[in-house]
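Below are the chains, spelled out letter by letter.
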Amino acid sequence: MNSAMFLSLLAVAFTGALMLLMPHFSSPRYLFAVTVPAGFRASEPGRAALRRYHWWVVRAIAGSAVVVVGVAQSWPDLAVVLAMLLPAIAGMATFLRERSLLRGYAAPPPGVREADLAPESGHLPRWIALALVPLALPLAAAAYLRAHWSEIPARFPVHWGAAGEPNRWADKTPAAVYGPLEFGAGMMLVLLLLGLAIFYGSRRTPQRIAVLKILVASVYFLGLIFTGVGLVPAVKIPLAAFIAVTLLFAAAVIAWGYKIVTDPAQPVEATLDQYWYLGSIYCNPQDPAIFVQKRIGFGYTINFGNRMSWLLLAGFVAGMAGLIRVAR
Amino acid sequence: MPPPAKIRIDLNSAVPAYRQIVDAVRVLLVEGALPPGSELPSVRRLAMDLGVHFNTVGEAYRELAAEGWLDLRHGRGATVIARGLPAAAPERLQEFRTRLRSLVAQMRAEGVPPARIAAELRSLTESLKS
């Protein structure tokens, strides 16, 4: 088994596990993103829907594994892409089918809304300042590269293939050397701004604070990854280190998010089924919230029915385009 | 430390949302849960938390301000102010009597004994400080 095949099978296993977990990664109040009566998951129609879903996803995982093994020898990069895409596409298709079947069991729309009348709980917590600390990492890396400029080779790798071998190189120029660090610092700032937008543009719930904590942790993660990538011209860092840190971070975030989302004691936003499309797209022009809690997974999604959401989205896309331009 | 004051509305109710907000906040004001000087969330924040239009909360705040409970300053949200007790006009007393009569009749029609209704009314009246 070559490394591309191993990496592809690992990706199939990871994506497949996420797909199997997907219907469980939500509040007990929802099943396949449909509002269901209390205890519905344990009922016969609920269990039958989950059984059908799992059975189809397992078959999709097995089929994906066969396909990637078949193409990994000749097209290793394509194998990795297929390894992530095939189980995800099959899982989403099965999810939407079950969602459609479950609509007949949907609970009546919740009408009761509760709100805190204290204004102070709307203030940003002080620990948000900790998110500024990792911004020092790319700065320190840039200072290190500048101090060791003479040690940087005339050409250095900037991209690696599925087999772990470099497949793209860059010449030693200030733009090529500092580009990843600038991009990383920009991404960290974008993430921080996104966290602030979610905090002020969503309802006051405990999940809002939990998401903010995860975003602060993500700023640290991005700081580490982009600082590592930025140091590659001068320091040899094994690819495995990047993969290990990424997998560890992803696993920790998923585990923490799963614990919060599936906790029956956690309050759930009373959004109505009729405004959710494909289980994950929310569009309600009557709802002044810009961000709402996802029904599947952990975190927030944008309310496409709010004009402010489109402005934010445009700002986000413009910011990302600017960053990509800087990185080039 | 007392728990933070909360309001609850039912969007499926026949009573308009702005009326439910006015009634719920007024109960807290009369009971003293929101003493003078308390700041209420901004219109934008409360509308977002309740999932209703900004105008719904704005209308509720304006009505409470017209009753003398709130001071609304542009950009500074709503602040509870000290309010003197006005003398209820005879026609308003008659209106309240009609509403109470209708409510008591509904309670009786649904099987609540008269003694229980009297006890509930007494308990509610005693819990109001002003």
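The rules behind these values
Residues numbered from 1 in each chain as written. Chains lettered and ligands numbered in written order. Predicted model: local features only at pLDDT ≥ 70, side-chain atom pairs only at ≥ 80, totals over all residues. Heavy atoms only, no water. Helix = DSSP H or I, 4+ residues; strand = E, 2+ residues; numbered from the N terminus. Buried < 20%, exposed > 50% of the residue type's maximum accessible area, 1.4 Å probe, protein only. Contact = heavy atoms within 4.5 Å. Patch = residues over 30% accessible without salt bridge, like charges linked within 9 Å, V, L, I, M, F, W, Y side chains within 5 Å. Areas by Shrake-Rupley, 256 points an atom, 1.4 Å probe, with all protein chains shown as cover. Salt bridge = Lys/Arg side-chain N within 4 Å of Asp/Glu carboxyl O. Core = buried A, V, L, I, M, F, W, Y, C linked by side-chain atoms within 4.5 Å. Buried area = accessible area lost by both parts, 1.4 Å probe. Polar contact = N/O pair within 3.5 Å; in protein donor to acceptor, adjacent residues only side chain to side chain. Nonpolar A, V, L, I, M, F, W, Y, C, P; charged D, E, K, R; others polar. Pairing = 2+ DSSP bridges. Expected span 1.5 Å × (residues − 1). Bend = angle between axes of the 7 residues up to and from the residue. Domains from an automatic or database assignment. Axes fitted to C-alpha atoms, helices over the stretch in contact; angles between N-to-C directions. Parallel < 35°, antiparallel > 145°, perpendicular 65-115°, else oblique. Left-handed = near helix turned anticlockwise from the far one by under 90°.

So, the overall build of chain B
Secondary structure assignment for chain B yields 5 helices and 4 strands. Dimensions of chain B, computed from C-alpha atoms along their principal axes, come out at roughly 50 × 35 × 35 Å. Taking all 130 residues of chain B together, the buried fraction comes to 26%. In chain B, once contacts between residues fewer than 6 apart in sequence are set aside, the share between residues at least 24 apart is 47%.

Brief notes about a nonpolar patch on the surface
Residue and element names in this part refer to chain A. Residues Phe6, Leu10, Phe14, Leu18, Leu239, Ile243 and Leu247 make up a contiguous nonpolar surface patch of roughly 570 Å² in combined accessible area. Breaking the nonpolar patch down by element, the ones donating at least two residues are α1 (3-21) and α7 (239-261). Structurally, the position occupied by Leu18 is in helix α1.

Some details on the nonpolar core
Formed by 29 residues in total, the largest nonpolar core has its most connected members in Met187(A), Ile198(A), Val211(A), Leu222(A), Phe291(A), Phe298(A) and Leu323(A). The dominant element in this core, judged by the number of residues it contributes, is helix α6 (residues 206-231) of chain A, at 9 residues. In this structure Phe291(A) touches Leu194(A), Ala197(A), Ile198(A), Gly201(A), Ser202(A), Glu269(A), Tyr300(A), Thr301(A), Ile302(A) and Leu312(A), once residues within four positions along its chain are discounted. Counting residues in each nonpolar core, the second largest holds 26 residues, with Val25(B), Ala47(B), Leu50(B) and Val52(B) among its members.

Topic: the interface of chain A and chain B
Counting from both sides, the interface comprises 22 residues of chain A and, opposite them, 26 residues of chain B. Summed over both partners, the interface of chain A with chain B buries about 2100 Å², with 55% contributed by carbon and sulfur atoms. Counting across the chain A and chain B interface gives 2 salt bridges. Ionic pairing is found between Arg204(A) and Asp49(B), a salt bridge with its closest N-O pair at 2.7 Å. Taken together, the links from chain A to chain B amount to 11 residue pairs in polar contact (both at pLDDT 80 or more). For the side of chain A that touches chain B, the secondary-structure elements that each account for two or more residues are β3 (112-116) and α5 (174-201) of chain A. Residue contributions to the side of chain A that touches chain B peak at 5 residues, all from β3(A). Split into classes, the residues belonging to the side of chain A that touches chain B amount to 11 nonpolar, 4 polar and 7 charged. Across 5 bridges, the pairing between β3(A) and strand β1 (residues 6-10) of chain B is antiparallel. Looking at the pairing, Arg113(A) lines up with Ile9(B) of β1(B).

A word on the pattern of salt bridges
Under the definition given, this model contains 18 salt bridges over all chains. Of the charged contacts in the structure, one is a salt bridge between Glu44(A) and Arg47(A), with a shortest N-O distance of 3.4 Å. Residue Glu44(A) and its partner Arg47(A) are located together in helix α2 (residues 44-72), separated by 3 residues, close to a single helical turn. A relative accessible area of 43% places Glu44(A) in the partly exposed class. Between Glu95(B) and Arg99(B) there is a salt bridge, with its nearest N and O atoms 3.6 Å apart. Of this pair, Glu95(B) and Arg99(B) are both found in helix α4 (residues 90-109), 4 residues apart, which corresponds to roughly one turn of the helix.

Section: α5(A)
With 28 residues, α5(A) extends 39 Å between its outermost C-alpha atoms, agreeing within 8% with the 40 Å of an ideal straight helix rising 1.5 Å per residue. Of all the bends in α5(A), the largest measures some 30° and sits at Pro180(A).

A look at the environment of Trp149(A)
Here Trp149(A) is to be found in the loop between α4 (136-147) and β4 (155-160). Separated by 102 residues in sequence, Trp149(A) and Ala251(A) have C-alpha atoms that sit 37 Å apart.

Focus on the domain arrangement of chain B
Along its sequence, chain B is carved into domain 1 (17-80) and domain 2 (90-127). On a C-alpha basis, the centroid separation for the pair domain 1 of chain B and domain 2 of chain B is 26 Å.

Considerations on the packing of helix α1 (residues 17-31) of chain B against helix α3 (residues 54-66) of chain B
Residues and elements named next belong to chain B. Interhelical geometry of α1 versus α3 gives an angle of 45° and a closest axis separation of 8 Å. Taken together, the axes of α1 and α3 are oblique relative to one another. Helix-helix and strand crossings are classified by hand; for α1 and α3 the assignment is right-handed. Of α3, the residues touching α1 (which contributes Ala17, Tyr18, Arg19, Ile21, Val22, Val25, Arg26 and Leu29) are Thr56, Val57, Glu59, Ala60, Glu63 and Leu64. Along the lines of polarity and charge, the residues of the contact of α1 with α3 split into 9 nonpolar, 1 polar and 4 charged.

Some words on the sheet that holds strand β2 (residues 39-40) of chain B
Residue and element names in this part refer to chain B. Read across the open sheet, the 3 strands follow the order β2-β4-β3; overall the sheet is antiparallel. At either margin of the open sheet sits one strand with a lone partner, and together these are β2 and β3 (70-72). Running over the sheet, α3 touches β2, β3 and β4 (78-80) and is turned about 120° from β3.

Details of the domain arrangement of chain A
Note on interface size: it is often stated as the accessible area lost on association of the parts. Residue and element names in this part refer to chain A. For chain A, the assigned domains are domain 1 (3-105) and domain 2 (130-327). At the interface, 23 residues of domain 1 touch 22 residues of domain 2. Buried area between domain 1 and domain 2, summed over both chains or domains, comes out near 2000 Å², and the portion from carbon and sulfur atoms is 66%. Between domain 1 and domain 2 we count 0 salt bridges in total. Connecting domain 1 to domain 2 are 6 residue pairs in polar contact (both at pLDDT 80 or more). Of all the secondary structure elements, the ones that give two or more residues to the side of domain 1 that touches domain 2 are α1, β2 (34-35) and α3 (76-102). When grouped by side-chain class, the residues that make up the side of domain 1 that touches domain 2 number 15 nonpolar, 5 polar and 3 charged.

Observations concerning the environment of Ala33(A)
Residue and element names in this part refer to chain A. Relative to the helices and strands, Ala33 is located in the loop between β1 (30-31) and β2. Classification of Ala33 as buried rests on a relative accessible area of 1%. Taking the C-alpha atoms as reference, Ala33 lies 9.4 Å from Leu102; in sequence the two are 69 residues apart.

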